[in-house]
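# Analysis of the macromolecular model
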Amino acid sequence: MSQVNPDSAPRTRAFARVIGPFVALATLIVAIRLPDLTGLIDDLFANAVLPWILGAMMLVAGLIVIAFHQYWRGVTAVLISLFGWFVALRGLTLMAFPSAIETGAGDTLASPGLLLAARIFFGLMTCMGLWLTYVGWRRVATA
């Protein structure tokens, strides 16, 4: 049976402090402004280097989470670890297959059903961000 690492709780809390507010705010803005983002998507993919740079930054950010947060005990730790893998894989996909991401984004914005599904997804991500923000910034009793 594996032992719990004494660094896991403080590290999880530190990652929650950073990831939580960013995810809560960014996904809330995207959920609200999703139909208006067509121009932004078009501009992003107009220059082939931009998706590559964004994908590379996402890949590095995800790998940082993967490398420094290898904890899978508790809801918060699992959310952070899964988020790191999601961001890394999303960045890799954006670098390797930008046209697939562009097509998927365009199809989502053009379909009322997919648009609703995307808004629900980003709403759930906002809830995750709020949870991580709460866990990261709440006052913790010290011994």
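The sections below set out a description of the structure shown in this document.

### Here we look at the nonpolar core
- Formed by Phe15, Ala16, Ile19, Val23, Val65, Ile80, Phe83, Val87, Met125, Met128 and Leu132, the largest nonpolar core amounts to 11 residues.
- Listed by contribution, the elements that provide at least two residues to this core are helix H1 (8-33), helix H4 (75-96) and helix H6 (112-137).
- Sorting elements by how many residues they give to this core places H1 first, with four residues.
- If we skip the residues at most four places from it in the chain, valine 23 touches Leu28, Phe83, Met125, Met128 and Gly129.
- Grouped together as the second largest cluster of nonpolar side chains are five residues, Ile41, Leu94, Ile101 and Ala105 included.

### Observations regarding the packing of aromatic side chains
- Counting across every chain of the model gives three aromatic pairs.
- Consider the rings of phenylalanine 86 and phenylalanine 121, whose centres lie 6.4 Å apart with planes at 50°: the pair is tilted. One end of the pair, phenylalanine 86, is in helix H4; the other, phenylalanine 121, is in helix H6, with 35 residues separating them in the sequence.
- Given a relative accessible area of 40%, phenylalanine 86 falls into the partly exposed group.

### Here we look at the packing of helix H2 (residues 38-46) against helix H3 (residues 49-68)
- At their nearest, the axes of H2 and H3 sit 5 Å apart, and the two run at 95° to each other. By the angle between their directions, the pair H2 and H3 is classed as roughly perpendicular. Residues Asp43, Leu44 and Phe45 of H2 form the contact with H3, whose participating residues are Leu50, Pro51 and Leu54.
- Its residues assigned to classes, the contact of H2 with H3 shows five nonpolar, no polar and one charged.

### Comments concerning the environment of glycine 104
- Within the fold, glycine 104 resides in helix H5 (residues 98-110).
- The sequence separation of glycine 104 and leucine 114 amounts to 10 residues, and the corresponding C-alpha distance is 9.9 Å.

### Thoughts on the packing of H1 against H4
- Relative orientation of the contacting elements H1 and H4 amounts to 65°, with a least axis distance of 10 Å. In this structure, H1 meets H4 at a crossing whose hand is left-handed. Side by side, H1 and H4 meet where Thr12, Phe15, Ala16, Ile19 and Val23 of the first sit next to Thr76, Ala77, Ile80 and Phe83 of the second.
- Tallied by class, residues from the contact of H1 with H4 come to seven nonpolar, two polar and no charged.

### Topic: the environment of tryptophan 52
- Among the structural elements, tryptophan 52 can be located in helix H3.
- Residue class for tryptophan 52 comes out partly exposed when judged on its relative accessible area of 46%.
- The spacing of tryptophan 52 and alanine 96 is 44 residues in sequence and 8.0 Å in space, taken between C-alpha atoms.

### Describing the environment of phenylalanine 122
- Within the secondary structure, phenylalanine 122 is located in helix H6.
- For the pair phenylalanine 122 and alanine 31, spaced 91 residues apart in the sequence, the C-alpha separation amounts to 5.5 Å.
- Those residues in contact with phenylalanine 122, other than ones at most four positions away along the chain, are Thr27, Val30, Ala31 and Leu34.

Rules used in this analysis
- Residues numbered from 1 in each chain as written.
- Predicted model: local features only at pLDDT ≥ 70, side-chain atom pairs only at ≥ 80, totals over all residues.
- Heavy atoms only, no water.
- Core = buried A, V, L, I, M, F, W, Y, C linked by side-chain atoms within 4.5 Å.
- Buried < 20%, exposed > 50% of the residue type's maximum accessible area, 1.4 Å probe, protein only.
- Helix = DSSP H or I, 4+ residues; strand = E, 2+ residues; numbered from the N terminus.
- Contact = heavy atoms within 4.5 Å.
- Phe/Tyr/Trp six-rings, centres within 6.5 Å; stacked < 30°, edge-to-face > 60°.
- Axes fitted to C-alpha atoms, helices over the stretch in contact; angles between N-to-C directions.
- Parallel < 35°, antiparallel > 145°, perpendicular 65-115°, else oblique.
- Nonpolar A, V, L, I, M, F, W, Y, C, P; charged D, E, K, R; others polar.
- Left-handed = near helix turned anticlockwise from the far one by under 90°.

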